[in-house]
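Single-letter residue listing:
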Amino acid sequence: MLLSLVLHTYSMRYVLPAAVLLGSAPTYVLAWGAWRLLSCFLPSRFYQAVDDRLYCIYQSMVLFFFENYTGVQILLYGDLPKNKENIIYLSNHQSTVDWIIADILAIRQNALGHVRYVLKDGLKWFPLYGCYFSKHGGIYVKRSAKFNEKEMRNKLQGLMNTGTPMFLVIFPEGTRYNPELTKVISASQTFAAQEGLAVLKHVLTPRVKATHVAFDSMKNYLDAIYDITVAYEGTVDDKGQRKEAPSMTEFLCKECPKIHIHINRIDKKDVPEEQVYMRRWLHERFEIKDKLLIEFYDSLDPERRNRFPGKSVNSKLSLKKTLPSLVILSGLTASLLMTDAGRKLYVKTWIYGTLIGYLWVNIKA
């Protein structure tokens, strides 16, 4: 019985973060909505600047839980950019936590508010935030033949026209790598072999479309591409086989002691512009990722396993960057819930905000 209680308590570690993050959603949407109305008659760049600041506040609170609360150790390798740049961020994809990894790097460049994602189309139905992510500059895309290139180009051009800082996150694999989904991995490897591309072991064959459209649209606006490789320590079983990366819930239960992040900064002049050449280039970048991950997971030398080659930097995030956001948003939410009128507004925001968001994304679709 005692063991069951301990296990239950351990598994409930995610409840507090989930309650705060989801519970503050209406507060955040109300603040953003008020600013959206006030900025209607202002130049777009003013709206975008404040929106980025609001986004930074919320995501700083997210990082309080994912870094400070969990106590995870962040180990950085390779190029460590410190200054803000307009970039495309390309990463391997294995967990929902990968979204947070982009925040982890962005806050260390004071660029957290500028993070925008290329997202799977189905995520636009996420309550409240599905609509907001698009308003913040996120781009929803469909796969293969349904990919709307014109819409993506127009969205990026609109952001550039207002001088919006760009930290555009793309996961070229298109879906998460899960070693337990052998059919998905096999299909990806078969496709690579049929196309005359190197067969990859620890990543899926990347898709080039979104990356090419993003780079082609912003090539005169960008400074660089960040090629990111992520590995979660503790994702190998007793037999030495790689297992599924932690979900957000598992991560918040402190089941990942360390995250290893390898950064390769690539100047835009070194990226091919034509799609046929970019496809080969992108696959070569994923070959490099695969080699890094083979070394991380499969090296016969124990000294080389569970790390990337080269020197690592243990990067700790200060509470000064995250705690104020937690206090502000939690305080505003608590104040809202203390009055009858506030509670009614809170509930109505959840209900009507979600419905309006669904209506908006449906019209845009």
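Because the structure is predicted, anything quoted here is derived from the model rather than measured.

An account of the packing of helix α3 (residues 25–38) against helix α4 (residues 44–69) is needed here, citing residue identities and associated values.
The N-to-C vectors of α3 and α4 enclose an angle of 170 degrees; their axes lie 10 Å apart at closest approach. One element, α3, and the other, α4, form an angle in the roughly antiparallel class. Here Tyr-28, Ala-31, Trp-32, Trp-35 and Arg-36 of α3 come into contact with α4, specifically with Phe-46, Tyr-47, Val-50, Asp-51, Leu-54, Tyr-55 and Tyr-58. Within the contact of α3 with α4, the residues separate by chemical class into 10 nonpolar, no polar and 2 charged.

Run through the pairing of strand β6 (residues 224–232), naming residues and quoting values.
Summarising burial for β6: 9 of the 9 residues are buried, a large majority. Residues Ala-224, Tyr-226, Ile-228, Val-230 and Tyr-232 point to one face of β6 and Ile-225, Asp-227, Thr-229 and Ala-231 to the other, with burial holding for every one of them. As judged from the 5 bridges shared by strand β2 (residues 87–91) and β6, these two strands associate in the parallel manner. What sits directly across from Tyr-89, in β6, is Tyr-226.

Now, about a negative patch on the surface: what can you tell me, with residues and values included?
Together, Glu-180, Glu-244, Glu-250 and Glu-255 make up a region of like negative charge exposed at the surface. Note on placement: Glu-180 falls in the loop between β5 (167–170) and α8 (182–194). A relative accessible area of 55% means that Glu-180 is categorised as exposed.

Please provide a residue-by-residue account of empty space enclosed by the protein, values included.
For the coordinates displayed, the defined rule picks out 1 cavity of 30 Å³ or more. Considering only enclosed or pocket space, the largest cavity measures out at about 30 Å³ in volume. In terms of lining, the largest cavity is formed by Lys-124, Phe-126, Pro-127, Leu-128, Cys-131, Gly-353, Thr-354, Gly-357 and Tyr-358. Among the elements that line the lining of the largest cavity, the one with the most residues is helix α13 (residues 340–364), at 4 residues.

A description of a nonpolar patch on the surface should follow, citing residues and the corresponding values.
A cluster of nonpolar side chains, namely Val-347, Ile-351, Tyr-352, Leu-355 and Ile-356, defines an oily patch on the protein surface of about 500 Å² accessible area. For Leu-355, the position within the fold is in helix α13.

Which residues make up the pairing of β2, and what values go with them?
Across the 5 residues that make up β2, a large majority, 5, are buried. Here β2 shows two buried faces, one formed by Ile-87, Tyr-89 and Ser-91 and the other by Ile-88 and Leu-90. Strand direction decides the pairing type here: β2 and β5, joined by 4 bridges, are parallel. Pairing of Leu-90 across the sheet is with Ile-170, part of β5.

Mind laying out the packing of α4 against helix α12 (residues 323–337), listing which residues take part and the relevant values?
Where α4 contacts α12, the two axes come as close as 7 Å, and the packing angle between them is 110 degrees. Taken together, the axes of α4 and α12 lie roughly perpendicular to each other. Where α4 crosses over α12, the two elements pack in a sense that is left-handed. In this structure, α4 contributes Ile-57, Tyr-58, Ser-60, Met-61, Phe-64 and Phe-65 to the contact, and α12 contributes Leu-323, Ser-325, Leu-326 and Leu-329. A class-by-class count of the residues in the contact of α4 with α12 yields 8 nonpolar, 2 polar and no charged.

Hey, could you go over the pattern of salt bridges for me, with residue numbers and the actual values?
A complete count under the given rule lists 16 salt bridges for this structure. Two residues, Lys-124 and Asp-121, come together in a salt bridge whose shortest N-O distance is 3.4 Å. Since its relative accessible area comes to 7%, Lys-124 is described here as buried. Since its relative accessible area comes to 19%, Asp-121 is described here as buried. Lys-289 serves as the salt-bridge partner of Asp-227, at 2.4 Å between the closest nitrogen and oxygen. Taken together, the residues Asp-227 in strand β6 and Lys-289 in helix α11 (residues 275–298) connect sequence positions 62 residues apart. Residue class for Asp-227 comes out buried when judged on its relative accessible area of 6%. Judged by its relative accessible area of 0%, Lys-289 is buried.

Kindly report on the packing of aromatic side chains, identifying the contributing residues and their values.
If you walk through the whole model with that rule in mind, you get 20 aromatic pairs. When the centroid spacing of 5.7 Å and the interplanar angle of 25 degrees are considered together, the rings of Phe-66 and Phe-251 count as stacked. With a gap of 185 residues between them, Phe-66 in helix α4 and Phe-251 in helix α10 (residues 248–252) connect regions that are remote in the sequence. This pair shows no difference in class: Phe-66 is buried, exactly as Phe-251 is. With 6.3 Å between their ring centres and 65 degrees between their planes, Trp-99 and Phe-133 make a pair best called edge-to-face. Here the residue Trp-99 occupies a position in helix α5 (residues 98–107), and Phe-133 occupies one in helix α6 (residues 129–136), the gap between them amounting to 34 residues.

Cut-off values and rules
Numbers given to residues run from 1 along each chain, matching the order in which its sequence is written. Reporting of local features is limited, given that this is a predicted model, to residues whose pLDDT is at least 70; pairs of side-chain atoms are given and counted only at 80 or more, and all residues count toward the totals for whole chains, interfaces and linings. Side-chain metrics rest on all non-hydrogen atoms present in the structure, leaving aside hydrogens and water. To obtain an axis, a line is fitted to C-alpha atoms, over the contacting stretch when the element is a helix, and the angle between two such axes runs from 0 to 180 degrees between their N-to-C directions. Helical segments are the DSSP runs of H or I of at least four residues, strand segments are the runs of E of at least two, and each set is numbered from the N terminus. Any angle that falls under 35 degrees is termed roughly parallel, while one over 145 is termed roughly antiparallel, one within 65 to 115 roughly perpendicular, and all others oblique. Any two residues whose heavy atoms approach within 4.5 Å are treated as being in contact. Residue polarity follows a fixed list, in which Ala, Val, Leu, Ile, Met, Phe, Trp, Tyr, Cys and Pro are nonpolar, Asp, Glu, Lys and Arg are charged, and the others, Gly among them, are polar. For every residue, the accessible area (1.4 Å probe, protein chains only) is compared with the maximum for its type, and the residue is labelled buried under 20%, exposed over 50%, or partly exposed between those bounds. Following DSSP output, two strands are said to pair if at least two bridges run between them. To count toward a patch, a residue needs a relative accessible area above 30% and no salt bridge. Like charges then connect within 9 Å, nonpolar side chains (Val, Leu, Ile, Met, Phe, Trp, Tyr) within 5 Å. To measure how exposed things are, a 1.4 Å probe is used in the Shrake-Rupley method; for residues, cover is taken only from the protein chains shown. By salt bridge we mean one thing: a side-chain nitrogen of Lys or Arg within 4 Å of a carboxyl oxygen of Asp or Glu. When charges are counted, neither His nor the chain ends are considered; positive counts come from Lys and Arg and negative counts from Asp and Glu. All charge positions are set by atom: Lys at NZ, Arg at CZ, Asp at CG, Glu at CD. In this analysis a 1.4 Å probe is tested at points of a 1 Å grid over the protein atoms alone, and where it fits but cannot get out there is a cavity; an open set with protein on both sides within 12 Å along at least five of seven lines is a pocket; lining residues have an atom within 4 Å of a point. Grid points are joined across faces, edges and corners, and a volume is the space filled by probe spheres set on the points. Left-handed is the label given to a crossing in which the near helix is rotated counterclockwise from the far helix by less than a right angle, and right-handed is the label when the rotation is clockwise. Between rings of Phe, Tyr and Trp, where Trp is taken as its six-membered ring, a pair exists when centres lie within 6.5 Å; planes separated by under 30 degrees are stacked, by over 60 edge-to-face, and by other angles tilted.

Don't take any of this as a statement about function, it's just geometry.
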